[in-house]
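Listed below are the residues making up each chain.
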Amino acid sequence: MRMPGAAKAEFLLLQPMIPTNRPNMIAWVAVQNDPGVRGKTTVFRFPSESSIFGPSQVEAQIDADPVISSQITLWNQSGSTVVRGNLIVVPVGGSLIYLQPVYLQSESAKFPAFQRIVVASPRNIVWGSSLQEALNSLLAKEAGGGTGPSPSPGPTPTPGPSATPGAGSSLPPGSDVQQLVDYANKHFELAEQALRDNDFARYGSEIELVKQALAQLEILTGGASPAPSLPAGPSTAPSAAP
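In this text the structure is predicted, and so the values were computed from the model without any measurement. For every chain, the first residue of its written sequence is number 1, and the numbers climb from 1 along that sequence. Two thresholds apply to this predicted model, a pLDDT of at least 70 for residue-level local features and 80 or more for giving and counting side-chain atom pairs, whereas whole-chain, interface and lining totals are computed over all residues. Think of the side-chain values as coming from all heavy atoms in the structure, minus any hydrogens and water.

A. Spatial organisation of the environment of Val29. Counting from the N terminus, the helices are DSSP H or I runs at least four residues long and the strands are E runs at least two residues long. Structurally, Val29 is set in strand 2 (residues 27-32). Expressed as a C-alpha distance, the spacing of Val29 and Met17, which sit 12 residues apart in the sequence, is 7.0 Å. Should any heavy atoms of two residues lie within 4.5 Å, those residues are considered in contact. Look past the residues within four positions of Val29 in its chain and what remains in contact with it is Leu13, Leu14, Gln15, Met17, Thr41, Thr42 and Val43.

Dropping the structure here:
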């Protein structure tokens with residue numbers, strides 16, 4: 001992905017940070033891996049008074065969702081095994097979006113097959129058979145004020161880096177909500193193909209376009225949630241030895 005203020009996408013290791021004995025996320029860390037900057041660590045700290053959901057809290061909400069949990073139970077009882085992929089925390093504009101693919105592996109199959117993708121905001125959790133379907137469901141819930149977990153109120157964060165499309169964006173001009181959902185879905189599928197082709201540079205570029213579309217969707221739908229604030233200077237530390 002492209003780091004805030006960077007001119008191009010690069011290969012990064014991303015990690016949400018959770019304090020000991022607390023489930024809330026306190027920071028989001030990116031470690032650069034390109035030549036010349038390998039091991040440079042940038043820390044995006046959340047306001048100390050805010051309460052940002054950590055991965056385990058989102059996982060618990062997924063488990064508690066009646067639609068998702070009942071289907072996963074059914075799949076697990078049919079001679080197949082449900083495999084849940086990594087929960088990915090993506091900063092988008094002034095929000096966080098959580099993504100988790102769900103796979104199904106039968107006893108006779110060597111590899112799991114993609115079935116659903118979970119898309120969550122701090123307020124709602126949905127899933128769909130494609131990113132487009134899941135985003136449509138999430139937007140419908142957000143617009144309708146659907147119930148869902150809500151972080152405790154915190155202070156207004158200081159302005160941080162935004163993924164709002166800039167001069168280099170190829171988002172359709174004057175896009176409406178459906179066009180942006182279609183656009184995000186198209187580039188998510190292209191990113192998946194790039195991953196299958198082991199083309200990580202193209203994968204990063206496609207995911208960046210998905211993030212831009214999601215950021216624009218947030219603006220159009222009026223969504224808002226606690227956002228990470230960027231300190232005046234990023235914390236840096238040497239990379240650990242392999």
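B. Region of interest: the packing of helix 3 (residues 131-143) against helix 4 (residues 177-196). In the contact formed by helix 3 and helix 4, the axes pass within 8 Å of each other and the chain directions differ by 145°. Seen from above, helix 3 lies across helix 4 with right-handed handedness. Together, Leu131, Gln132, Leu135, Asn136 and Leu139 of helix 3 and Val177, Gln178, Val181, Asp182, Ala184, Asn185 and Phe188 of helix 4 make up the contact between the two elements. In this classification, Asp, Glu, Lys and Arg are treated as charged, Ala, Val, Leu, Ile, Met, Phe, Trp, Tyr, Cys and Pro as nonpolar, and every other residue, Gly included, as polar. By residue class, the composition of the contact of helix 3 with helix 4 is 7 nonpolar, 4 polar and 1 charged. Angular values range over 0 to 180 degrees, each being the angle between N-to-C directions of two axes fitted as lines to C-alpha atoms, with helices fitted over their stretch in contact. Handedness of a crossing follows from how the near helix is turned relative to the far one, being left-handed for an anticlockwise turn of less than a right angle and right-handed for a clockwise one.

C. Spotlight on the packing of aromatic side chains. Stacked, tilted and edge-to-face are the three classes applied to pairs of Phe, Tyr and Trp rings, where Trp contributes its six-membered ring and a pair requires centres within 6.5 Å; stacked means planes under 30 degrees apart, edge-to-face means over 60, and tilted covers the rest. Tallied over the entire structure, the rule returns 3 aromatic pairs. Taking 5.6 Å as the distance between ring centres and 50° as the angle between the ring planes, the aromatic pair formed by Trp28 and Phe44 counts as tilted. Within this pair, whereas Trp28 is found in strand 2, its partner Phe44 is found in strand 3 (residues 41-45), the two being separated by 16 residues in sequence. In terms of burial, Trp28 and Phe44 fall into one category: buried. Aromatic pair Trp75 and Trp127: ring centres 5.9 Å apart, planes at 45°, arrangement tilted. Of this pair, Trp75 sits in helix 2 (residues 66-76) while Trp127 is found in strand 8 (residues 125-128), placing the two residues 52 residues apart along the sequence. Exposure categories follow from relative accessible area, calculated using a 1.4 Å probe and restricted to protein chains: below 20% of the type maximum is buried, above 50% is exposed, and the middle band is partly exposed. Look at Trp127 and you get buried, because its relative accessible area is 13%.

D. Representation of the sheet that holds strand 2 within the structure. Note: two strands are recorded as paired if DSSP finds a minimum of 2 bridges between them. Read across the sheet, 3 strands follow the order 1-2-3 without closing on themselves; strand pairing throughout is antiparallel. Two strands in the sheet have a free side with no partner beyond their single neighbour: strand 1 (12-17) and strand 3. Between one strand axis and the next, the sheet turns through 15° on average, direction left out of account. With 5 bridges connecting them, strand 2 and strand 3 associate as antiparallel partners.

E. Quick look at helix 2. Along helix 2, the residues classified as buried are Ile68, Ile72 and Trp75. The arc enclosing the buried residues of helix 2, seen along the axis, measures out at 60°, which places them on a common side. In helix 2, the exposed residues that point more than 90 degrees away from the buried face are Pro66 and Val67. Those residues of helix 2 that are buried are in contact with helix 1 (55-64), strand 4 (80-84), strand 6 (95-106), strand 7 (113-120) and strand 8. Here, the arc refers to the directions that run from the helix axis to the C-beta atoms.

F. Quick look at the pattern of salt bridges. Only one rule defines a salt bridge in this text: a Lys or Arg side-chain nitrogen within 4 Å of an Asp or Glu carboxyl oxygen. Enumeration over the complete set of coordinates arrives at 4 salt bridges. Residues Arg84 and Asp63 are paired through a salt bridge, measuring 2.5 Å at the closest nitrogen-oxygen approach. One end of the pair, Arg84, is in strand 4; the other, Asp63, is in helix 1, with 21 residues separating them in the sequence. On the basis of relative accessible area, Arg84 is assigned to the partly exposed category, the value being 28%. Among the salt bridges present, the one from Asp199 reaches Arg202, with a minimum N-O distance of 3.2 Å. Taking relative accessible area as the criterion, Asp199 reaches 29% and is therefore assigned partly exposed. Since its relative accessible area comes to 29%, Arg202 is described here as partly exposed.

G. Structural detail: unusual backbone geometry. Located in the positive-phi region is Asn21, a residue other than glycine, with phi close to 65°. Structurally, Asn21 is set in the loop between strand 1 and strand 2. Take Asn21: its relative accessible area is 80%, and that puts it in the exposed class.

So yeah, pure geometry; function would need other evidence.
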